[in-house]
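Survey of secondary and tertiary structure
Single-letter residue listing:
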Amino acid sequence: MGLGGCIILIAVGAILTFATDWDMQGVNLDLVGIIFMIVGLIGVATFSSIARRRRVVVPPTAPMVDDPANPHRRDGYSNGYGA
């Protein structure tokens, strides 16, 4: 269940709890609405903690340091070839 599903659960729970006055025999709609809101809040908390863990911070790579005392030429004529 994604973030949208959790928000829908919270909205449906709030509607059942605060905006309806239906009476059903054997079902307490206020309690059902509160349960929906709690499940939606747990889902939002779980989704946000998982989404936070997915964001991995990659440390920047170390810059290359050129050693002027030991130059490396990559032209095919270094190390005695063609000298």
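Here's a quick rundown of the structure. (Residues numbered from 1 in each chain as written. Predicted model: local features only at pLDDT ≥ 70, side-chain atom pairs only at ≥ 80, totals over all residues. Heavy atoms only, no water.)

1. A short note on the overall build of the protein chain
Selection criterion: The helix count covers DSSP runs of H or I at least four residues long, the strand count covers runs of E at least two residues long, and both are numbered beginning at the N terminus. Each residue's exposure class comes from its accessible area (1.4 Å probe, protein chains only) as a fraction of the maximum for that residue type: buried when under 20%, exposed when over 50%, partly exposed otherwise. Only the protein chains shown count as covering a residue, and every accessible area follows the Shrake-Rupley method with a 1.4 Å probe.
When helices and strands are tallied, the protein chain shows two helices and zero strands. The 83 residues of the protein chain split such that 12% are buried. Just so you have it, the protein chain exposes about 7,300 Å², and 64% of that area is on carbon and sulfur atoms.

2. Remarks on the side chain of Thr20
Heads up, the rule is: Polar contact is defined as a pair of N or O atoms within 3.5 Å, subject to the rule that within protein one atom must be able to donate a hydrogen and the other to accept it, and that residues adjacent in sequence are counted only when both atoms are side-chain atoms.
In this fold, Thr20 is placed in the loop between helix H1 (3-19) and helix H2 (29-54). For Thr20, the side chain forms a polar contact with the main-chain oxygen of Leu16, separated by 2.8 Å.

3. Looking at H1
Short version of the rule: Between the first and last residue of a helix there are one fewer steps than residues, each counted as 1.5 Å, and that sum is the expected span. By definition, the arc is the one covered by directions from the helix axis to the C-beta atoms.
With 17 residues, H1 ought to run about 24 Å at 1.5 Å a step, and its terminal C-alpha atoms sit 23 Å apart, in line with that. Taken residue by residue, H1 has Cys6, Gly13, Leu16 and Thr17 as its buried positions. Angularly, the buried residues of H1 cover 95° about the axis, an arc narrow enough to put them on a single face. Residues of H1 that are exposed and angled more than 90 degrees away from the buried face: Ile8, Phe18 and Ala19.

4. Re a nonpolar patch on the surface
Note the threshold: Note that patches include only residues with greater than 30% relative accessible area and no salt bridge, and the join distances are 9 Å for like charges and 5 Å for nonpolar side chains (Val, Leu, Ile, Met, Phe, Trp, Tyr). Put simply, a salt bridge is a Lys or Arg side-chain nitrogen that is within 4 Å of an Asp or Glu carboxyl oxygen.
On the surface, Leu3, Ile7 and Phe47 cluster together to form a nonpolar patch covering roughly 240 Å² of accessible area. Looking at the secondary structure, you find Ile7 in helix H1.

5. Notes on the side chain of Thr17
For clarity, the cut-off: We call two residues in contact when some of their heavy atoms are within 4.5 Å.
Topologically, Thr17 is positioned in helix H1. For Thr17, a relative accessible area of 14% puts it in the buried group. At 2.8 Å, the side chain of Thr17 and the backbone oxygen of Gly13 are in polar contact. For Thr17, the side chain forms a polar contact with the main-chain nitrogen of Ile34, separated by 3.3 Å. If we ignore the near neighbours within four places in the chain, the residues touching Thr17 are Asp30, Gly33, Ile34 and Met37.

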